[in-house]
Each structure stands twice: as C-alpha cells, then as structure tokens.
Amino acid sequence: MNYSVAIPSDIHKQALEHLLRKDGQENLCFAIWYPSIGRNRETALIRELILPEKGEHVLHKNAGFLPGYFERALSIASSKNACLAFMHSHTSPGWQDMSRDDFFAELNHAAPTRGATRFPLVGLTLGTDGAWSARFWEKIKPRTYERFWCKTVRIIGDALNITFNEQLLPKPEFRRELERTISAWGENKQADLARIQVGIIGVGSVGSMVAESIARMGIANIKLIDFDSVELVNLDRLLHATREDVGKSKVNVVARAIRKNATSTDFTAESLEYSVVEEDGFREALDCDVIFSCVDRPWARSVLNFIAYAHLIPIIDGGITVSVSPKGILKGADWKAHIVGPTRKCLECLKQYDPGLVSVEREGYLDDPTYISSLPDEHPIKRNENVFAFSLSTASMQILQFLSMVIAPQDISNIGEQNYHFVTGCMDVKESEGCNEDCPYPSLVSQGDRTAFTVTGRHIKAEEARKVRLNASILKKLIFKISNIFP
Ligand SMILES: [Zn+2]
Ligand SMILES: [Zn+2]
C-alpha cells in the first residue's frame, strides 16, 4: 500500500497562517481527516483544522501540547466519524524528517488515536516554504505501531501543488528525447509533471489523444480505464487503432502504442478494462493524482464529479456537441474544456450531465434499444456525430488545462471554463469560481469513503464487453490448437 495526504487549498492556507509564525517559532495543531482507499493507495483527506485554545499548547523552542488538547481533538474526531491528524511546523524548507522528540510524540499517540477512531494517526510537518511531509502510524501487531512515510502530499486548489517524498519517489533522470520539452519550463517543473499519476477515463477518440500527448511529455505513470472494444466505426478517430484491432479492448490497443512512444525512462501504462462506475474501476481511479474525463455518459461523469470533491482528485473534463439539421447540414460544433474541484464549478453546475439521466442509466435504460428509440432524434444520448479534428482540439484543450494547473506559468493556474465554437472560430472563456448555491457537491469536500452515497454499481454493458472478448480469445486459442493438430 502507498500513502498520501490531500489538503484543499483553503485548509492549507489556514494551516500556513497558524503554523508559520512571524517570530519563527514552531507551532502545532490537530486536524480531522477522512479516508480515501484506492486500489494501491490510501489517502488521508484533510477536512478541517482543530486549532488550539488558550492554554492547550506551549510554545518554547519545540512546540508541545497538553493532554487536554489531544483529548478534545480526539473527541471531535470521534463525534464526526473522522480520523485524527497532528500537524506541526519546522524552521527549514522542503520535505521534513522527524526529530527524536517528534518521533516519540507521534508514536505515543498512535494507540489511543487508533483506539478511538479505528484508523491510524497521521502526522504532518510543514516546511517554511509551504511544503508538507506526512506519515501514517499503522498498527502492525498487538501494541506495536510503525511509521509509514507518504509518497506525496497534495494541495488541491486552482493549482495542484505536490510535495514528493524524494526517498520514495525521487526526481527522475530525463532522456535526451525530452530536451526541448524541458527547455520550455525547466527541470523542476518537468520533475513534478513526470511523477504525477495520471488517470484517463474513457479511451475513445479524445482519451487516446490525451494518452499519446501525456506519454510523449514524459509522464511516467498512466492508468487507462475503459471497458469498451474497438469498433470499425471508431477507426476514423481512435488514435493507434487499425482494422486488425477491431474487437480488441481499447485500453490494450492504446497502452501497447504509448509504451512504444513514451519518453520517460521508467514508463508504465496500465490497461484496466473497467468502467469507472464499477467498484474496481472506481478504486483504480482513486490511486490517481489527476484524472482526465473523456467519457460521454452521465453516470460516469457523475462519478467523476463525486471524486473531484469527495476524494480531492482534480478532474479535467471535456466534451463535444455537434448539431446537424434534419437534412444533414452542419449547424454547429462546440467543444469545452474545464477542470472541476473544490475551488471551481462542478460538472453538474456546468450542465455537463443531466442528473436525471444518471438514474435512468443506472437502471440500464440507456443501453435498452426500445428506450433509446423512444427518445427524440436531437436527444444528447442519441447524438454521435464526431470528427478526428474535433477530438484533437478537445484533447489539446484538456491537456493545456492540465499543464496550466501543474506548471502555473506566471502564477496562472486556473484559466477558466473554455468553450470553442467551430462555426465562428471563437472561444468563450468564463472564470471558474465555484458551484451554484444549492449544489450539494461542495459539502462533500474531503469526505472520501465516509459520505452517505454509493456511486458505483453493476454495469451490465461493461460485463458483456469483457465476456465477448474473453469468448473470442478462447475461440482463437481453440482454432490455433486445432490447426496445429490438423495442419
Ligand atoms: Zn518537529
Ligand atoms: Zn456544483
């Protein structure tokens, strides 16, 4: 299991104000967090700080706290069905190690924390430059606790700021192929980019182009999540797919190609034949630092929207709408790109999916030909016009959104909601500034696996797609065997 901590930018800011004192004195506080359990990663999602009250802590050379403060923090955590974190500051920059005092202070509170919350104590240290380091205190056997360092601490806001544990996730060596890319923004930014775990949900036309670009830019770890098979009608848009690939899984076809094209020294592309609405696909997504949403169905979009807030993983979404007159004449084609997360508007408020259709899809109606044929021709579910160039432009806009968020050139990390109109060649840009007042998503921030919602479920179409491929591969092997016996 890998460990990580994610902090919304407003909580991070509040922690900086409290912990980094003007007099240079170290300071401390408690916080509550909720778990986000991915396939290979457990993340502590910081929800709120519990600042010390008068007389609860002492500030001398090393800050310390009184037992009453710990007890109060623990009872707040228990009352909110939350877990407990302890934060303190140091007087130097970067990822911080622990002093002997730090080590025993945390170790000694690991058992009572686990006893009250059933989850490990998480310790965090803040450097003077705003970089966090963090560890989980896991119970490994009765009365024995061990420290497990996090690989990353992620601040999620307009920008995505990650502090990497250089021991567990060192700066990569760059190959000569990346020379021109690195010369655009420097080695430090490239080292951040390269170590980001990227997820691409939906590996159709847009997703395959995003995957190619990300692999070429030197990102080392990509998860491709899609259950679908390549069809003949995809070949005008699906990058890397050929006639021979019809019937194969899209993720395998794209993973095979980008493994060849990647520029990272140590590249992995995982091909995961799931829908993100299935529990297995959902848990894979929770391992990611950033997710590209290249899906077109409402259920998957609603799940990704949920992940952006409840699990603090920025979702870079895009979508294409084409309208054609009944005579088959192009009236309009528009595509959008935007990022959703705590400081920005969610996909529901952006009207990127219809919440009413999510339950219709969960009940299986969107794959029911009778239901589909009963819909009017202009219904978004029925529309499937698309062109390689439209997908290419959408993919490009999504990647640029991603780069702005990570690289933040001239300190600009939120470039707003972009909407490009093919007919006029104009792009509208709207400042992205949070959800509508009655939107439920902002209240889910950092709640991870402790929300009251189950967003995943069985996805019959995904199960069928996997079964068809499995049967085809069994048949192929059988034919191969027979042709060996009777040549
Ligand atoms: Zn310390
Ligand atoms: Zn919203």
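Residues numbered from 1 in each chain as written. Chains lettered and ligands numbered in written order. Predicted model: local features only at pLDDT ≥ 70, side-chain atom pairs only at ≥ 80, totals over all residues.

Take the environment of Tyr274 next. Summarising the element assignment, Tyr274 is placed in the loop between strand S14 (268-272) and helix H8 (279-285). Linking Tyr274 and Ile460, residues 186 residues apart in sequence, is a C-alpha distance of 11 Å. Not counting residues up to four positions away in its chain, the partners in contact with Tyr274 are Ile225, Phe227, Asp280, Gly281, Glu284 and Ala462. (Helix = DSSP H or I, 4+ residues; strand = E, 2+ residues; numbered from the N terminus. Contact = placed C-beta atoms within 7 Å.)

On to unusual backbone geometry. Phi is positive for His240, which is not a glycine, with a value near 80°. For His240, the location among the structural elements is in the loop between strand S13 (221-225) and helix H7 (250-261). Classification of His240 by C-beta neighbours within 10 Å gives buried; the count is 20. You will see that Lys351, though not glycine, has its phi angle at about 60°, which is positive. Within the secondary structure layout, Lys351 lies in the loop between strand S17 (330-340) and helix H10 (355-362). On the basis of neighbour count, Lys351 is assigned to the exposed category, with 8 C-beta atoms found within 10 Å. (Buried ≥ 20, exposed ≤ 12 C-beta atoms within 10 Å, placed from the backbone.)

What the eight strands build is an open sheet, ordered S14-S13-S12-S15-S16-S17-S18-S19; its pairing is mixed. Since the sheet does not close on itself, it has two edges, and those belong to S14 and strand S19 (426-430), each with one partner. Within this sheet the neighbouring strands show an average axis-to-axis angle of 15°, counted without direction. With five bridges joining them, strand S12 (residues 197-201) and S13 adopt parallel strand pairing. (Pairing = 2+ DSSP bridges. Axes fitted to C-alpha atoms, helices over the stretch in contact; angles between N-to-C directions.)

Over its 13 residues, helix H2 (residues 67-79) extends 18 Å from the first C-alpha to the last, a length consistent with the 18 Å expected when each residue adds 1.5 Å. Against the buried residues of H2 lie strand S2 (28-37), strand S3 (41-50), strand S4 (57-58), strand S5 (64-65), strand S6 (83-89) and helix H3 (100-117). Two residues or fewer after H2 comes Asn81, characterised by a positive phi angle close to 55°. (Expected span 1.5 Å × (residues − 1).)

Often, the extent of an interface is quoted as the loss of accessible area on bringing the components together. Looking at the assigned domains, one finds that the chain contains domain 1 (2-164) and domain 2 (187-466). Domain 1 and domain 2 are separated by 33 Å when their C-alpha centres are compared. For the side of domain 1 that touches domain 2, the elements supplying multiple residues, two or more each, are strand S1 (2-8), S2, S3, strand S10 (152-156) and strand S11 (160-164). Across the side of domain 1 that touches domain 2, the residue classes tally to twelve nonpolar, six polar and five charged. (Domains from an automatic or database assignment. Nonpolar A, V, L, I, M, F, W, Y, C, P; charged D, E, K, R; others polar.)

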